[in-house]
Amino acid sequence: MLQIHNSLTRRKEPFQPIEPGQVRMYVCGMTVYDYCHLGHARVMVVFDIVYRYLQVLGYQVTYVRNITDIDDKIIRRAAEAGESIDTLTGRFIEAMQTDAEALGVLPPSAEPRATAHMDEILAMVGTLIDKGFAYPAKNGDVYYAVGQFADYGKLSGKDPRDLRAGARVEVDEAKRDPLDFVLWKAAKPGEPAWNSPWGPGRPGWHIECSAMSTCALGHHFDIHGGGADLQFPHHENEIAQSEGATGEPFVNVWMHNGFVRINDEKMSKSLGNFFTVRDILQRFRPEEVRYFILTSHYRSPLNYDDAHLETARSALTRLYTALRGLPPTRAASETPAAPAEIILAADETSPRLTPYRARFHAAMNDDFNTPEALAVLFDLAREINRTRVRDPATAAELAEGLRHLGSVLGLLGDDPDAYLRGGVGEDSDEVIEALITARIAARAAKDWTEADRIRDQLTAAGILLEDGAEGTRWRRA
């Protein structure tokens, strides 16, 4: 049975959906004022794995990942760029979706935008006021009254009394309690605003997610995810808002992925160690970045440096080398595309896959333990390499199993030769093939000096040649 670490209870628990066979999951997405950085990439890849594997287990999954398209940073960035907010956010939403697709992230079931849910936001704020959980202040803002929610702090483990002891209220604020947070911000000159019963303004960040998630998934749903930095105050405030408004439990399972560190330091613009996905993809292929993210358990810190990406490249090279020359045992047109169908097809392929399949499932059922799942792929690759000469049919069956299990992780979808010959910013295939053809001609003419010179030239360019009965193959070192 699938076990998931629940941030709310601080332990691993058997996963039981609210409705049998159905899973409803919400993940906090990007605030779209800049390009995706590595932290965003980790959130997208981690919950893509959760989405894929829940489908593998046979669940019908409704996966909602929101877009925050109005907040202080967006307003400021649009003003700096001299463009409208819609133009700015539209540009970065498109960039985000391009980056996600490059990383092999499946589109979610829905991507609601905050600005498209103003009616739901206003309705929830009104309900909170009516129930005594919120109040309009004299400055035109509407605040959530934290003291009225008895369970505040249950997700983060923070005691409101301790939080109050270290809090202070700015002179111009109209809060009743230093812990109260804004639900509706009164309009300032030059800022976008929507009409409300409390005057023109715009929503606070926390209320956006409560309104969008309950609108898309209902008052009570299965899984809510996001980065560890969102656990407090964002997710804590979501619980207070949502449960205060509906009177029902909000979410059963809370999942939080760990921080990203750069060369053992926390990633931060102020430290100058801030990398966008597009920066990284200038030097590494998307599948290498995805593989690297999966080498750490999702709850653990992820430490980025170029050496780790080089290791990911080497690891994928080993897996693709095992697949090279072993075509699928089923026709390409028969290969299923949906993750659930993929794993079922792998189950039916060969009894020889049984021990690998069992270990893979055990790893993924243990709180989505992708490092252990990757280890299974390497054991399978070693067995393929041992059997490919003495038993090619078995090797081909095992290779198909490797492809299927890899696909559950969003890996090994490329043609092996295409991957092994690919690279970032290197000589074209045509140039390399021309040199190999010249070397073959030199060998045929017994011009060993020229043949060796061409091989040395290719080796210096990072091209490894493999001479065999089927001719000369090549791959990048």
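Residues numbered from 1 in each chain as written. Predicted model: local features only at pLDDT ≥ 70, side-chain atom pairs only at ≥ 80, totals over all residues. Heavy atoms only, no water.

Draft legend 1. Highlighting the sheet that holds strand 13 (residues 302-304). Overall, mixed pairing links the 3 strands, which are arranged 12-11-13 in an open sheet. The open sheet has two edge strands with one neighbour each: strand 12 (265-266) and strand 13. Bridging between strand 11 (residues 260-262) and strand 13 involves 3 bridges; their strand directions are parallel. Residue pairing in the sheet places Val260 in a bridge with Leu302 of strand 13. (Pairing = 2+ DSSP bridges. Helix = DSSP H or I, 4+ residues; strand = E, 2+ residues; numbered from the N terminus.)

Draft legend 2. Highlighting the side chain of Asn237. On the secondary structure map, Asn237 appears in helix 7 (residues 231-246). Exposure remark for Asn237: the relative accessible area of 2% places this residue in the buried category. A polar atom in the side chain of Asn237 sits 3.2 Å from the side chain of His206. Apart from residues lying up to four places away in sequence, Asn237 is in contact with Tyr152, Phe181 and His206. (Buried < 20%, exposed > 50% of the residue type's maximum accessible area, 1.4 Å probe, protein only. Polar contact = N/O pair within 3.5 Å; in protein donor to acceptor, adjacent residues only side chain to side chain. Contact = heavy atoms within 4.5 Å.)

Draft legend 3. Main features of unusual backbone geometry. At the junction of Phe232 and Pro233, the peptide bond is cis and its omega measures out at 5° in the coordinates. Note that Pro233 resides in helix 7. Despite not being glycine, Leu412 shows a phi value in the positive range, around 65°. Note on placement: Leu412 falls in the loop between helix 14 (392-408) and helix 15 (416-421). You can call Leu412 buried: its relative accessible area is 5%.

Draft legend 4. Region of the structure containing the sheet that holds strand 5 (residues 134-136). An order of 5-6-7-8 is seen for the 4 strands of this open sheet, with the pairing classed as antiparallel. The sheet is open, and its two borders are formed by strand 5 and strand 8 (201-203), each paired with just one other strand. Strand-to-strand twist across the sheet, computed as the mean angle between neighbouring axes with direction ignored, equals 20°. For strand 7 (residues 181-186) and strand 8, the ladder comprises 3 bridges, and the chain directions are antiparallel. Looking across to strand 8, one finds that Lys185 is bridged to Arg202. (Axes fitted to C-alpha atoms, helices over the stretch in contact; angles between N-to-C directions.)

Draft legend 5. Geometry of the environment of Pro286. Among the secondary structure elements, Pro286 is positioned in helix 9 (residues 286-294). Accessibility expressed as a relative area gives 25% for Pro286, which makes it partly exposed. Along the backbone, Pro286 and Glu101 are 185 residues apart, and their C-alpha atoms lie at a distance of 9.4 Å. With sequence-adjacent residues up to four places away left out, Pro286 is seen in contact with Ala102, Leu103 and Leu281.

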